[in-house]
2 protein chains.
Amino acid sequence: MLLKTPYLLFLGDAADPLAAKVAQGVKDWRPDYCVGQFSQNGCNADMHIDELSIAQAVERGAKTLVVGVANRGGVISESWISVFEDALNAGLDIASGLHNLLIDEPRLKALSEQTGRALIDVRVPQHQYPIANGVKRTGKRCLAVGTDCSVGKMYTALALEKSLKKQGTSATFRATGQTGILITGNGVPLDAVVADFMAGSIEWLTPDNKADHWDLIEGQGSLFHASYSGVTLALIHGGAPDALILCHEPTREHMRGLPDYALPSLEQLRDTALNLAHVVNPDCKVIGISVNTAALSDDDAKVLLNDIEAKMGLPTVDPFRDSADRLAQALV
Amino acid sequence: MLLKTPYLLFLGDAADPLAAKVAQGVKDWRPDYCVGQFSQNGCNADMHIDELSIAQAVERGAKTLVVGVANRGGVISESWISVFEDALNAGLDIASGLHNLLIDEPRLKALSEQTGRALIDVRVPQHQYPIANGVKRTGKRCLAVGTDCSVGKMYTALALEKSLKKQGTSATFRATGQTGILITGNGVPLDAVVADFMAGSIEWLTPDNKADHWDLIEGQGSLFHASYSGVTLALIHGGAPDALILCHEPTREHMRGLPDYALPSLEQLRDTALNLAHVVNPDCKVIGISVNTAALSDDDAKVLLNDIEAKMGLPTVDPFRDSADRLAQALV
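Residues numbered from 1 in each chain as written. Chains lettered and ligands numbered in written order. Predicted model: local features only at pLDDT ≥ 70, side-chain atom pairs only at ≥ 80, totals over all residues. Heavy atoms only, no water.

### So, the environment of S53 of chain A
Residue and element names in this part refer to chain A.
- Counting through the fold element by element, S53 comes out in the loop between β2 (34-39) and α2 (54-59).
- The class for S53 is partly exposed, based on a relative accessible area of 30%.
- Spatially, the C-alpha atom of S53 lies 22 Å from that of K109, the residues being 56 residues apart in sequence. (Helix = DSSP H or I, 4+ residues; strand = E, 2+ residues; numbered from the N terminus. Buried < 20%, exposed > 50% of the residue type's maximum accessible area, 1.4 Å probe, protein only.)

### Quick notes on the confidence of the model for chain A
- Mean pLDDT over chain A stands at 97; residues scoring 70 or higher make up 100%.
- In the predicted assembly, ipTM is 0.94 and pTM is 0.95. (pLDDT = per-residue confidence, 0-100.)

### Focus: the pattern of salt bridges
- According to the stated counting rule, one finds 34 salt bridges over all chains in the structure shown.
- With a closest N to O distance of 2.8 Å, D148 of chain B and R252 of chain B form a salt bridge. In this pair, D148 of chain B is assigned in the loop between β6 (140-146) and α5 (153-166) and R252 of chain B in the loop between β9 (243-248) and α9 (266-280), connecting sequence segments 104 residues apart.
- Members of the salt-bridge network, linked through shared partners, are K4, D93 and R117 of chain A. (Salt bridge = Lys/Arg side-chain N within 4 Å of Asp/Glu carboxyl O.)

### Remarks on the packing of aromatic side chains
Residues and elements named next belong to chain A.
- Scanning all chains against the criterion turns up 16 aromatic pairs over all chains.
- Relative to F84, the ring of F10 has its centre 5.1 Å away and its plane inclined at 70°; by these criteria the two rings are edge-to-face. Note that F10 is positioned in strand β1 (residues 7-12) and F84 in helix α3 (residues 78-89), a separation of 74 residues in sequence.
- F84 gets classed as buried once you look at its relative accessible area, which sits at 0%.
- Aromatic side chains W80 and F84 sit 6.3 Å apart centroid to centroid with 55° between the ring planes, which places their arrangement in the tilted category. Highlighted residues: W80 and F84, both in helix α3, separated by 4 residues, approximately one helical turn. (Phe/Tyr/Trp six-rings, centres within 6.5 Å; stacked < 30°, edge-to-face > 60°.)

### Let's talk about unusual backbone geometry
- Of note, the amide linkage connecting T5 of chain A to P6 of chain A takes the cis form, showing an omega dihedral of 0°.
- Structurally, P6 of chain A can be placed in the segment before β1.
- For H48 of chain A, which is not a glycine, the phi torsion comes out positive at approximately 55°.
- Tracing the sequence through the fold places H48 of chain A in the loop between β2 and α2.
- What makes H48 of chain A exposed here is its relative accessible area of 67%.
- At A240 of chain B, a residue that is not glycine, the phi angle is positive and equals roughly 45°.

### Some words on helix α1 (residues 21-29) of chain A
Residues and elements named next belong to chain A.
- For α1, the complete set of buried residues consists of V22, A23, G25, V26 and W29. For α1, the angular spread of the buried residues around the axis is 160°, confining them to a single face.
- Of the surrounding secondary structure, the elements contacted by the buried residues of α1 are β1, β2, β3 (64-67), α5 (153-166) and α6 (178-184). (Arc of directions from axis to C-beta. Contact = heavy atoms within 4.5 Å.)

### As for the interface of chain B and chain A
- On the side of chain A, 32 residues touch chain B, which itself brings 32 residues to the contact.
- Between chain B and chain A, roughly 2700 Å² of surface is buried when both sides are summed, and carbon and sulfur atoms account for 58% of that area.
- One can count 0 salt bridges joining chain B with chain A.
- Where chain B touches chain A, the interface holds 12 residue pairs in polar contact (both at pLDDT 80 or more). (Buried area = accessible area lost by both parts, 1.4 Å probe. Polar contact = N/O pair within 3.5 Å; in protein donor to acceptor, adjacent residues only side chain to side chain.)

Shown next as structure tokens:
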């Protein structure tokens, strides 16, 4: 594990619940990792778990203060830093996915060295990854691929992990981005890995396993997104998935950040991703579709999901509205 | 330009001509960059240009000592370091593509700071690249893509630059690996770029240009190589090529370094690369095929090239045996 559990969730002075979405993710997906939360004046987010002082959290066994909130204005404020100093002094590590790195704060860096506690910036690779060797591993792997970035790939993989475990199948979510790493305490910050080692980092993340175990690999980018497609292909070839899930957001008018680029169809995504996956795993199949219907009414969502299911001939769900149970059934 | 020209080519104590292949590349493709060569005792390579002392090279205008030789045993030897010190003291920069970095040698680092001369390790990105924006640029771009790694993509692009210039077309080879960077004095060491910035580094390398200008982008890896395919896709989407050239080595028994992986067919490479290129440039075409027939006799090579040309319906050449003239004609 990259991070020691359990956590104290730092909410700081979160302007609104969205600013604390990392904390919300930990609370939703790993409630047993959370001994409590730490809020400051002006905090407008609440995980509805115990509000604890640093000392109380340590008493309850907390090992890491997880920064569950986005900072404002691109700096780590003085009020945060003094809490982080208290945490280090009390024996906690600190983990953060902020753009501003903890290790770039001289006071924190010095205190970390002095106390022997770790500052873990999960955006920064913490490991020297190998170059991929393409060797077939035991165990099963499923990867979420998207028509675009930010269409629900992480959520889908986490929901699938939950559904598989519920039905008694051994499964592990494998994080490839900072939020996923903070939620699960482990993973690879793939977008920060040096090009030559991308696929190797995913092989490293999803090693040999029991024959009936499923790794649920968090997707990144999109094969159709000009800025990040190389990252996606490294995930496909490093992950060597047995199963793909297509992820889609139906109201997106163009590729995220690229106004001149239309989204591909689900058929294009299916054919392109499968063709490339077959290079490393000829048995790979597309087993289902996950649609983020947050922008639609219940009725409209139902119609859309039914339409896509009929057209594509694959189980199609919104794992947030429903669950990923039908995808989990399709996997096993 | 990353490197100042002209160069003094450092051959050191090259064990054989192959050890000096970087120097040979500079001599072959940029003879006007070379004021002379510097050999040491035991050197078994010769570029057949003037043998010069450091002082003579400076007199002839040399600006950079280019390490044109691979080192032995994974260390930069004492005898090399003392030459490099002389070069820095005489006012030369030093450029190297060695795995062992010049800046990691304390004596060189100190002397570089003292003299104000640069140590340029071309394996290390020397620029903060942007994230790709996918915006259409003016001018034309051609990318070499391979059935495997090391099948002649750099050679093909350099030969194509030469053929285009010969026929009066404005053209620039764009290096994406260390040898190409040393040869041309500029480029992006793509395999060392952080994942998020790969495609952006290629957009940066191939900016807006005159409508009839061709950038010849050096290919890397292969879409079918599990270790490096992500790098290749970033090249395709960052380069947004108008033309692709398929590169192949016909005697390869498996993908380089991956004994369990067969090479794709030229048809598979054509279809997969074109499908992905069309995401960013719907007008992209495959315009020809470059085959490295070094392992074949003249007669066998001729038969093979004719067979491939007939089967694929595309101009097919070995640019080393013949030239890239037919590919250049197909481009314009």
